[in-house]
Amino acid sequence: MVSSSVNVLLLPEPGSGHLMSLIEAGKRLLGSQGADSSSSSPLTVTVLVPHAATAESASEVDAHVRRVEASSGVTSMRFHRLPAVAPPTECAGNPQEFKSRYMELQKPHVASTARELGAAAIVVDFFATTVLDVARELGVPAYVYFTSTAGLLALSLRLPALDAEVGVDFEALEGTVVDVPGLPPVPAGPALPGFMARKGSPNYAWFVYHGKRFMDFDGIIINTVAELEPGLLSAIAEGKCVPGRAAPPVYPIGPVVDLGGAKEAPPSSSHECVAWLDAQPAASVVFLCFGSLGWFDAAKAREVAVGLERSGHRFLWVLRGPPAPGSLSPHPTDGDLDALLPEGFLDRTRDRGLVWPKWAPQKAVLAHPAVGGFVTHCGWNSTLESLWHGVPLAPWPLYAEQHLNAFELVSCMGVAVAMEVDRKRDNFVEAAELERAVRSLMGGESEEGRKARDKAKEMRDACRKAVEESGSSHAALQRLRDAIRRGAAA
Ligand SMILES: O=c1ccn([C@@H]2O[C@H](COP(=O)(O)OP(=O)(O)O[C@H]3O[C@H](CO)[C@@H](O)[C@H](O)[C@H]3O)[C@@H](O)[C@H]2O)c(=O)[nH]1
C-alpha cells in the first residue's frame, strides 16, 4: 500500500524560549522512525519560521534553525521561512501585545503556505491564536501549543470570566486572592502575571482574547508533565475553568526540553563554565541564570554579590547587563563586570566562584554533577531543564508569567525554597534574603531546603518516566498523533 504522509505545520513565535520549544515538540511528534514507519500515514512536520522583528532575534532564530537543519535524524522536519512583515513598533513596549499583533500579521503568509504545502493540521504558538481563522478558512484542524505551565493555562482560560467578575484592576487587589481551579488561592499582588494585572492595558486585553480563543481549538498541546501538575490538568479537563463549557482535549507531552539529542546533556565540556564546574565537588555549586531576557543593574548585582559572598557557597553566576540604549531589542548585553560588581568581589571569591557575563551553556551546566541548586527567573524551559536533572530551585521571577510559576514551584510542586522578591521595587532581593535562600537550597539545616531537594529528585524521576514508552507524556503524544491522523482522514 502506498503511504500518504500527513503534513503538520508548526507556527512558532520567534522568541527563543517559544521557538526552540515548538521545534522540539515537533521532533517529539515525529517520534522515532520506527513508530512512524509502522503507520500507513506517516507524519511530516513543516516549521513555518516567522522572520523575527529585530536583527538580533533574526540571527538567533536563524542560528537555531540551521543547527536543527544540520543535525542528523530529523529528516521528516522541514523549515519554511515566512517573508518579513513590518513589526508593530508602536507597541514594542508591551511585549504580549507586540507578540500577539506580530503573529497576527503572519496570517496571509500562513494561509498561502498552507495551501501551497498542503496541511493536515496547524499547530500555533499561544501568542498566535488569531491564526485559528486561517485554519478554519482552510478547513484544517488547529492545535495551540502552550509553552508554559498548566497553571498559566488554567488562569488564561478563567480570565475572560474573571474579567467580568472583578470590576477593578487586579493590581489593586493587594492582600486578596484569585481563585484559579486547580491552584491554591493565588495571592494577587505577588503572583499574578504583570500582563494580567492591569485591566485597561493592551497586554491584558490580548490575554482575555487568547483565553477565549484557546477554547475554540481542536486541542491544546502543553509542555508540562501530568505528574507535575495533576490537579490543574484535572481541573482543566473537568471544565472547571470555563463553567458550562468543556475544554478541548489537552495533551501534556512534556518535558519538551532540547537536550541536543542526548539524554544527559549537550556536549559542551570544552566550554569554560563546564571546565570550571569539572573542578568543583559534587552538588556544591549554586547556579544563577535568568533566561534570555534577564539582566541586572549595579544595585541588584551588588545585593547578589554580597549575599553570595556571605553564604560561603560556591557559585556560577550568569550576570548580564541592560539592553543597548536606543535598541528595539529587549536582549541583554554582556555584563560589564567592573561596573556591576562591588570592588574586590571577584578577587575575594576567586577560589569558589565564577561570574560569567555572557550567554551560558545552561543545559550542560544543569546536567553537571557539581551543580546543587538553581536561582532562576522561573522561565518554564529553565524550570523543566532543572527538574529534568533533579536540581532544586530558588525562584527570582522577573517578567512575563514568572511570578505565577514561582508561586506554583513553591506552593504546589514543593521543588523550590521561597525567596522574598519585592515586586514594588522592580523585583529587588536583599542580600540577606538571597544569602538565606542559598544556604537553605544548598544544604543548610532548613527543612524547606531538604524538602525541595527531595521533591526535585522525585520530579526528575517522574519527568524521565513520563517520556518512556509506558509514561504519561508518551501516551499523550500517541493520542495527539492519532487525533491528527483521524482529522486528516476525515
Ligand atoms: O545564558 C543562558 C540563558 C538562557 N539559556 C536557555 O534559554 C532558554 C530560556 O528559556 P526560559 O527559561 O523559558 O526563559 P525565557 O527565554 O525568558 O522564556 C519565555 O518563554 C517561556 C516559555 O513560555 C516563559 O516561561 C518565560 O517566562 C518567557 O520569558 C532555556 O532553554 C535556557 O537553557 C541558555 O542556554 N543560556
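For the structure, see preceding data.
Residues numbered from 1 in each chain as written. Predicted model: local features only at pLDDT ≥ 70, side-chain atom pairs only at ≥ 80, totals over all residues. Heavy atoms only, no water.

Enquirer: Looking at this structure, I do not really get the nonpolar core. What am I missing?
Expert: One recurring pattern in soluble globular proteins is that nonpolar side chains are buried together. Counting 59 residues, the largest nonpolar core has Leu 11 and Ile 236 as its most contacted members. A per-element tally of this core places helix α7 (residues 150–165) first, with 8 residues. Not counting the four nearest positions on each side in its chain, Ile 236 is found in contact with Ala 150, Leu 153, Ala 154, Leu 157, Cys 241, Ala 247 and Val 250. Grouped together as the second largest cluster of nonpolar side chains are 36 residues, Val 318, Leu 354, Leu 409 and Ala 466 included. (Core = buried A, V, L, I, M, F, W, Y, C linked by side-chain atoms within 4.5 Å. Buried < 20%, exposed > 50% of the residue type's maximum accessible area, 1.4 Å probe, protein only. Helix = DSSP H or I, 4+ residues; strand = E, 2+ residues; numbered from the N terminus. Contact = heavy atoms within 4.5 Å.)

Enquirer: I would appreciate a short explanation of the sheet that holds strand β10 (residues 285–289) in the present structure.
Expert: Strand pairing in a sheet relies on backbone hydrogen bonds. The paired strands run either parallel or antiparallel. Spatial strand order, β14-β11-β10-β15-β16: 5 strands in an open sheet with parallel pairing. Looking along the sheet, the strands with just one partner apiece sit at the ends: β14 (353–356) and β16 (393–395). Pairwise comparison of adjacent strand axes, ignoring direction, gives a mean angle of 15 degrees for this sheet. Here β10 pairs with strand β15 (residues 371–376) via 5 bridges, running parallel. Residue pairing for β15: Phe 287 is matched across the bridge by Phe 374. (Pairing = 2+ DSSP bridges. Axes fitted to C-alpha atoms, helices over the stretch in contact; angles between N-to-C directions.)

Enquirer: Would you take a moment to explain the environment of Pro 160 for this structure?
Expert: Note on placement: Pro 160 falls in helix α7. As a C-alpha pair, Pro 160 and Pro 255 span 95 residues in sequence and 28 Å in three-dimensional space.

Enquirer: Looking at this structure, I do not really get the packing of α7 against helix α9 (residues 202–214). What am I missing?
Expert: The axes of two packed helices give the description: the angle between them and the distance between them. One way to put it is that α7 packs onto α9 with a least axis distance of 8 Å and a crossing angle of 110 degrees. With respect to α9, the axis of α7 lies roughly perpendicular. Residue-level inspection shows Leu 153, Ser 156, Leu 157, Leu 159, Pro 160 and Asp 163 of α7 in contact with α9, the latter providing Tyr 204, Phe 207, Val 208, Gly 211, Lys 212 and Phe 214. Partitioned by chemical class, the residues of the contact of α7 with α9 number 8 nonpolar, 2 polar and 2 charged. (Parallel < 35°, antiparallel > 145°, perpendicular 65-115°, else oblique. Nonpolar A, V, L, I, M, F, W, Y, C, P; charged D, E, K, R; others polar.)

Enquirer: Help me understand the site of the ligand, please; the structure alone is not making it clear to me.
Expert: Taken together, 19 residues form the shell around the ligand, and within it Ser 292, Ala 360, Ser 382, Glu 385 and Glu 401 come nearest. Ser 292 is positioned with one of its side-chain polar atoms (N or O) 2.4 Å from an oxygen atom of the ligand. Take Glu 385: an N or O atom from its side chain is 2.5 Å from an oxygen atom of the ligand. Against a free-state accessible area of 680 Å², the protein chains account for coverage of 94% of the ligand. Secondary structure elements with two or more residues in the shell around the ligand: α15 (362–367) and α16 (380–388). Here the residues of the shell around the ligand are counted per class, giving 6 nonpolar, 10 polar and 3 charged. (Near = heavy atom within 4 Å. Polar contact = N/O pair within 3.5 Å; in protein donor to acceptor, adjacent residues only side chain to side chain. Areas by Shrake-Rupley, 256 points an atom, 1.4 Å probe, with all protein chains shown as cover.)

Enquirer: Help me understand the packing of aromatic side chains in this model?
Expert: The geometry of two aromatic rings is summed up by the distance between their centres and the angle between their planes. Per the counting criterion, the structure on display carries 15 aromatic pairs. Ring centres of Phe 127 and Phe 207 lie 6.0 Å apart, and the angle between their planes is 85 degrees; this geometry places the pair in the edge-to-face category. Here Phe 127 is found in the loop between β4 (121–125) and α6 (132–138), whereas its partner Phe 207 is found in helix α9, with 80 residues between them in sequence. Residue classification places Phe 207 among the buried residues on the basis of a relative accessible area of 1%. Measuring from ring centre to ring centre gives 5.3 Å for Trp 206 and Tyr 209, while their planes differ by 75 degrees; the resulting arrangement is edge-to-face. (Phe/Tyr/Trp six-rings, centres within 6.5 Å; stacked < 30°, edge-to-face > 60°.)

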